[in-house]
There are 2 protein chains.
Amino acid sequence: MTDDMADHMTQDTDMVHSIFTDVLAAVKPTPREIVDIQTVAKDIISLVDKTAADMEIDARGELVGSAARGTWLSGAHDLDIFITFPESTTTTELEENGISIARRVAQGCEMEERYAQHPYIHMRYAGYDVDLVPCFKVKSASQIKSAVDRTPFHNRFIKEHINGMEDEVLLLKQFMKGCGVYGSELKNQGFAGYLVELLIIHYGSFTDVLKAVSRWHHPVVIEDFVVYADDGCTRNRGFGEPLIVIDPTDPNRNVAAAVSLTRMYEFVDAARSFIQNPNKEYFFPTHSPAKTPAELKNIRRIRGSHLCALVLDLPDMVDDVLYPQLRKTEQSIAALLQRNDFSIIGSDVHLSESFVNSAANSAVNSDPCGENGSDIGSDVTGSDWKCLRKATVVFELLCSEIAGVERRMGPPVHVGKNAESFKDKHKDDPKDLSQVYIEGDRFMVDVARQYTTAQALIEGNIHGISTGKHARVGLKRGFDILCDDELIDGATADLCAVLTRLYLKTR
Amino acid sequence: MTDDMADHMTQDTDMVHSIFTDVLAAVKPTPREIVDIQTVAKDIISLVDKTAADMEIDARGELVGSAARGTWLSGAHDLDIFITFPESTTTTELEENGISIARRVAQGCEMEERYAQHPYIHMRYAGYDVDLVPCFKVKSASQIKSAVDRTPFHNRFIKEHINGMEDEVLLLKQFMKGCGVYGSELKNQGFAGYLVELLIIHYGSFTDVLKAVSRWHHPVVIEDFVVYADDGCTRNRGFGEPLIVIDPTDPNRNVAAAVSLTRMYEFVDAARSFIQNPNKEYFFPTHSPAKTPAELKNIRRIRGSHLCALVLDLPDMVDDVLYPQLRKTEQSIAALLQRNDFSIIGSDVHLSESFVNSAANSAVNSDPCGENGSDIGSDVTGSDWKCLRKATVVFELLCSEIAGVERRMGPPVHVGKNAESFKDKHKDDPKDLSQVYIEGDRFMVDVARQYTTAQALIEGNIHGISTGKHARVGLKRGFDILCDDELIDGATADLCAVLTRLYLKTR
């Protein structure tokens, strides 16, 4: 049946071809666009090189990212320009000199300092969103000193292998965008641009990627297409992710590490559906509009479920720094709720738009948990946070309030020593609601539950759970826990979209 | 530590000895009691033999059970007298002739026909509760034709091996009674009298049983003490129970099959506690009285949990026929509740006292699920049921009402064929509360939950679940589902005791 499906698409060659032509007409950069972006990139690189020379700093400008590879989607005006320093540079030198050069280059432009693993500059230059990112020029991608040092290697690998397949990359990027699995990898847990390019290089074309993906069953391992580094590492070991694509520039890295099982299978399903029924809609889907607060309240009434959301302020940092912290907070609260017998129907996270954020930051890799993030822009109390982003972690629950009794599990009966201490501890404990009893092979006791509502449970435990550096500071500054209509009534259009998705599973 | 514990008891020999003396003084039948019971048994057996001879039926009376083995607890006035038929007898002959002989023997006494696998007679005779039970006299216990045919073999085995250890059996029976693990095996899922006797024969004494049991870690297998039947069977295979005691008269049978993991470890815990702190209390515990309805309502308020009980009438049959059906009903409802997202804190079953039931029926083994039970006394509609026993299956729940939305799991995404039919089925289904979506490797869809309260859920599904023959007929005759204070307000003293145990875990 899967083979039939793959054949299906081949039979409709003309139709599929005309879809591809239409899609490329919309997403392929025009010659004018290409000349423009190259000119702007060349200008900025010259400016970086000249500035470094003037300052007597050993550093060079380098264009990386999709603009460098000819694989950007038309209309995107993002440029990633790296300022590369010799490997011998210290981290302090890199940070200080890198930001000095970038500041001078950006002089006179609308600009802003941003914070990933190291600070960098974002500027508006001739209508483009440009990131000026300092990095170390290391010998191989397996010896990087900061997360971004890998990018120039990716750049070179793709440029060497993508020749002639740029259109296939554009088709695949737009297809994945359409089915919601493409984009900033840490925010969406989807497919990064570099990963899309590697899939095309591995399978050969958009059509061949879709045929192969329609048959994927996790774990999927792609490791054989190019082996660059010959450092004796055993590849494909210790990766527990559903999709494993070994980085051709660093065999110890899984390029698809951020792809969740859900995103992977959304891609599988979309690939299979497209093969069965090729349609331009997959590339440019029409999204149903977000529900209004009044509609959401009505949906909530029908579902009879409960919303409970943690709302806090975070500093205005890039998505790749903040989203992993929000996901971690979501997971920690989910574990807290489950441990305390609250059943979760669904959950999601949301961050209000950044003042400084743009789509361009996807090339700026960063420490996923924000634990090693720069301290600049956030002190221990967060009192110097200026611009803020409102973060929401929202849960849909089966019940908002549960019984005041909680079954507490003790040790197995056969472990005599632990048994005694458990029994001693619960001897005449006034908080207990039952005697110590045995169920199966374990001691048990019913105790009074400390929190009978999800709201009180989260409020009482929020500072003890694992959230990430900025989220932790943000929570100390203050937070709200909003439930049900109280949450919906105050929801921005953005949050309404999140709640619509949480309820209706629209993407 | 376990060895220390075992030594502990040995050190207090005098004290322990005095406890044993006190206990035996209370539970050991007096010489007078022994003479009396033997005389009564002899009289009845003579009567059976004479009646059979008069009726020209080839059948003989035989005393079985604890009275035959000298291992009954003082005060018990129960006699099990079997009417044994040759193996060549047909089942119809056994049933007809057996009941005819028994009826004649019981003539003039207070008597009653009862129903296990075959009908039998219960009578009051000279102050004793006597069961007259027809059985086949087979060559070996592995070739039985009805469940009770095994009993004479057990009887012979114990009589041959128990000599001199009768007091040890009495101590162990009373100890197990005290800690709640002894008794009718199918009602309590505890230790039958025959099993207690085997444990004494295997370990040698009450003290040695306790020392060994204090170190038990399931699965425990006792198979080496006597191998009777040499029929080439591989013993100790295919038994999944936590305690496996191979029947010395039939290597294919686990004597401890009915012992639940919980009862087993309650025994382990009691054994260990007694060794550490020997005390007469273990044999004769003082039970705290059952709570009153007013107290139960207050406890319910503190626990904040919900009660939901199925109440139905069953025919007046023995515990060993009805309790397994109630346990099965309990398990089926528990599975139904869990499948539908209701969280269970605890559950129990209760049967009002039988008009005919007595403690004597433990020797009458029967088909545990009642599927093959005699039809006498119950037709398809139960309209001829005369005496009734009120059955209650009660659950304590975390929430009584949950959200109207239910997450329904579809097939894994990689199984393309099933995926299509799931998606087709849910295309524009008005009952759906979301689109089909993917979570992990599966398709999912949110649907409207049919039942949002436990009461409605049980009511709507009760006839579709597995319950057992008489329970099924009983449910067709009618049932109630009582919740919370409605249940407590109408509770008998008996049911109050059950609810007290459900809440406080007193035993």
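Up top is the structure.
The rules behind these values
- Residues numbered from 1 in each chain as written.
- Chains lettered and ligands numbered in written order.
- Predicted model: local features only at pLDDT ≥ 70, side-chain atom pairs only at ≥ 80, totals over all residues.
- Heavy atoms only, no water.
- Helix = DSSP H or I, 4+ residues; strand = E, 2+ residues; numbered from the N terminus.
- Buried < 20%, exposed > 50% of the residue type's maximum accessible area, 1.4 Å probe, protein only.
- Contact = heavy atoms within 4.5 Å.
- Areas by Shrake-Rupley, 256 points an atom, 1.4 Å probe, with all protein chains shown as cover.
- Pairing = 2+ DSSP bridges.
- Buried area = accessible area lost by both parts, 1.4 Å probe.
- Salt bridge = Lys/Arg side-chain N within 4 Å of Asp/Glu carboxyl O.
- Polar contact = N/O pair within 3.5 Å; in protein donor to acceptor, adjacent residues only side chain to side chain.
- Nonpolar A, V, L, I, M, F, W, Y, C, P; charged D, E, K, R; others polar.
- Axes fitted to C-alpha atoms, helices over the stretch in contact; angles between N-to-C directions.
- Parallel < 35°, antiparallel > 145°, perpendicular 65-115°, else oblique.
- Left-handed = near helix turned anticlockwise from the far one by under 90°.

**Student:** What is the right way to look at the overall build of chain A in this model?
**Tutor:** Secondary structure summary: chain A contains 18 helices and 15 strands in total. Each of the 507 residues in chain A was classed as buried or not, and the buried ones make up 55%. Counted over contacts in chain A with a minimum sequence separation of 6, partners at least 24 positions apart contribute 73%. Summed over its atoms, the accessible surface of chain A is roughly 21,200 Å², and 48% of this surface lies on carbon and sulfur atoms.

**Student:** Would you take a moment to explain the pairing of strand β3 (residues 110-115) of chain A for this structure?
**Tutor:** On any regular strand, side chains alternate: one points to one face of the sheet, the next to the other face. All names here are of chain A. Both β3 and strand β4 (residues 119-125) contribute to a ladder of six bridges, which runs antiparallel. Looking across to β4, one finds that Glu112 is bridged to His122. Linking β3 back to β4 in an antiparallel pair, the connection comprises three residues.

**Student:** How should I be thinking about the interface of chain A and chain B in this particular structure?
**Tutor:** How big an interface is tends to be reported as the loss of accessible area on association of its parts. Across the boundary between the two partners, chain A contributes 52 residues, which contact 52 residues of chain B. Counting each side, the surface lost to burial between chain A and chain B is near 4,000 Å², with a carbon and sulfur contribution of 60%. Our count for the chain A to chain B interface comes out at six salt bridges. Put simply, chain A and chain B have 26 residue pairs in polar contact (both at pLDDT 80 or more) between them. For the side of chain A that touches chain B, the element with the most residues is helix α11 (residues 261-276) of chain A, which contributes nine residues. Per-class residue counts for the side of chain A that touches chain B are 22 nonpolar, 14 polar and 16 charged.

**Student:** Hey, could you run me through the packing of helix α6 (residues 151-161) of chain A against helix α9 (residues 193-203) of chain A in this one?
**Tutor:** Residues and elements named next belong to chain A. One way to put it is that α6 packs onto α9 with a least axis distance of 11 Å and a crossing angle of 30 degrees. Classed by the angle they form, the pair α6 and α9 counts as roughly parallel. The hand of the α6/α9 crossing is left-handed. On α9, the residues that touch His154, Phe157, Ile158 and His161 of α6 are Tyr194, Glu197, Leu198 and Ile201. Counted by class, the contact of α6 with α9 contains five nonpolar, two polar and one charged residues.

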